[in-house]
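An overview of the molecular structure
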Amino acid sequence: MLLGFVTTVAGNLTLIGSVANIIVAEKAADAHELGFFEYLRFGLVSTLVVLAVCVPALVVLARAIGT
């Protein structure tokens, strides 16, 4: 479960972090050119928000189930 969480969050951080990000950026290239740093501005903020919410929740959950 932890590995899945980490890879999902890391994939959202950068444009090249996930194949899906690259595919969507390529398909949308005609309408809007999305660069690495432009995506990073969104990806960094969203990743930090997800980490701030989910890491404490995972700690509470792990303590509740005793692992």
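Below is a summary of the structure that appears in this document.

So, how was this worked out
Residues numbered from 1 in each chain as written. Predicted model: local features only at pLDDT ≥ 70, side-chain atom pairs only at ≥ 80, totals over all residues. Heavy atoms only, no water. Phe/Tyr/Trp six-rings, centres within 6.5 Å; stacked < 30°, edge-to-face > 60°. Helix = DSSP H or I, 4+ residues; strand = E, 2+ residues; numbered from the N terminus. Axes fitted to C-alpha atoms, helices over the stretch in contact; angles between N-to-C directions. Parallel < 35°, antiparallel > 145°, perpendicular 65-115°, else oblique. Contact = heavy atoms within 4.5 Å. Nonpolar A, V, L, I, M, F, W, Y, C, P; charged D, E, K, R; others polar. Patch = residues over 30% accessible without salt bridge, like charges linked within 9 Å, V, L, I, M, F, W, Y side chains within 5 Å. Areas by Shrake-Rupley, 256 points an atom, 1.4 Å probe, with all protein chains shown as cover. Salt bridge = Lys/Arg side-chain N within 4 Å of Asp/Glu carboxyl O. Buried < 20%, exposed > 50% of the residue type's maximum accessible area, 1.4 Å probe, protein only.

Applying the stated criterion across every chain, the model contains two aromatic pairs. A centroid spacing of 5.2 Å and a plane angle of 90° characterise the contact between F36 and F37, whose relative ring orientation is edge-to-face. Between Y39 and F42 the ring centres are 6.3 Å apart and the planes differ by 75°, which places this aromatic pair in the edge-to-face class. With Y39 and F42 both in helix α3 (residues 36-65) and three residues apart, the pair spans about one turn of that helix.

It is worth spelling out the packing of helix α1 (residues 2-13) against α3 at this point. Between α1 and α3, whose axes approach to 7 Å, the crossing angle comes to 155°. Comparing the axis directions of α1 and α3 gives the class roughly antiparallel. Listed contacts from α3 to F5, V9, N12 and L13 of α1 are Y39, L40, G43, L44, S46, T47, V50, L51, C54, V55 and L58. Taken together, the residues that form the contact of α1 with α3 break down as 11 nonpolar, four polar and no charged.

A grouping of L44, L48, L51, V55 and V59 is seen on the molecular surface, where their side chains present a nonpolar patch of about 380 Å² in accessible area. On the secondary structure map, V59 appears in helix α3.

A word on the side chain of N21. Here N21 lies in helix α2 (residues 19-27). Taking relative accessible area as the criterion, N21 reaches 14% and is therefore assigned buried. When neighbours within four sequence positions are excluded, N21 is seen to be in contact with G11, N12, T14, L15 and Y39.

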